[in-house]
Amino acid sequence: MDATELGRWTRFAAKGGIGKCTALQDCIAEQPEDLMFMKDDEITVLMQISGQSDLYLGYCEGVVGNFRGDAVRFHGRLKKPVLTKRQSAHFIRQYLCLPTVSYHLASP
């Protein structure tokens with residue numbers, strides 16, 4: 001993830017993302033794209049990873065990464081993200097599997 005994309009996710013997280021969850025257990029990152037967190041940490045949910053029923057992108061302690069839904073307790077239902085025309089094409093290809101077009105997530 002490049003610095004521009006990281007900045008966008010960080011700003012989206014500051015606005016609350018699409019929801020929040022609390023870690024039920026410690027989770028050590030096994031891959032570079034994984035999110036590491038400790039039990040009882042609050043995680044801002046940024047999006048559900050397309051094609052993965054229990055994989056999410058989240059923000060915790062200044063870090064953006066993937067985490068599994070079975071390691072957390074969600075605080076209610078997640079919002080639906082709204083796509084507009086500023087997100088990086090890299091994000092779209094990597095996470096949403098859409099054609100090469102620039103989009104970004106806007107806060108609801």
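The structure under discussion appears in the preceding block.
Everything in this summary refers to the structure shown in the same document. (Residues numbered from 1 in each chain as written. Predicted model: local features only at pLDDT ≥ 70, side-chain atom pairs only at ≥ 80, totals over all residues. Heavy atoms only, no water.)

Some points on the overall build of the protein chain
The line we're drawing: Only DSSP runs of H or I covering at least 4 residues are called helices, and only runs of E covering at least 2 are called strands; the numbering of each starts at the N terminus. Relative accessibility under 20% of the residue-type maximum defines a buried residue, over 50% an exposed one, and the middle range a partly exposed one, all with a 1.4 Å probe and only protein chains included. By definition, residues are in contact when any of their heavy atoms lie within 4.5 Å. Each accessible area is a Shrake-Rupley result for a 1.4 Å probe, and residues are judged covered by the shown protein chains and nothing else.
Scanning the protein chain for helices and strands turns up 2 helices and 7 strands. Ordered by position in the sequence, the α and β elements of the protein chain form the string α-β-β-β-β-β-β-α-β. Per-residue burial for the protein chain yields a buried fraction of 39% across its 108 residues. For the protein chain, long-range pairs separated by at least 24 residues make up 48% of all intrachain contacts whose partners lie at least 6 apart in sequence. Accessible surface for the protein chain amounts to roughly 6400 Å². Of this, 51% is attributable to carbon and sulfur atoms.

Thoughts on the nonpolar core
Keep this limit in mind: Take the buried Ala, Val, Leu, Ile, Met, Phe, Trp, Tyr and Cys residues and link them wherever side-chain atoms come within 4.5 Å; each set so joined is a nonpolar core.
Within the largest apolar cluster, 21 residues are counted, with the highest numbers of intra-cluster contacts made by W9, F37, I43, L46, L57 and F67. Where this core is concerned, the elements lending two or more residues are helix 1 (3-14), strand 1 (19-23), strand 2 (42-48), strand 3 (55-60) and strand 4 (63-68). Setting aside residues up to four positions removed in sequence, F67 forms contacts with C21, L35, F37, I43, V45, D54, L55, Y56, L57, G58 and V72.

Regarding the pairing of strand 1
Convention followed: Pairing between strands requires that DSSP locate at least two bridges from one strand to the other.
Extensive coverage of strand 1 is indicated by the burial of 4 of its 5 residues. For strand 1 and strand 2, the ladder comprises 4 bridges, and the chain directions are antiparallel. Looking at the pairing, K20 lines up with T44 of strand 2. With 3 bridges connecting them, strand 1 and strand 5 (residues 72-74) associate as antiparallel partners. Paired with T22 across the bridge in strand 5 is R73.

Concerning the environment of M47
Among the secondary structure elements, M47 is positioned in strand 2. For the pair formed by M47 and K79, sequence separation is 32 residues and the distance between their alpha carbons is 9.1 Å.

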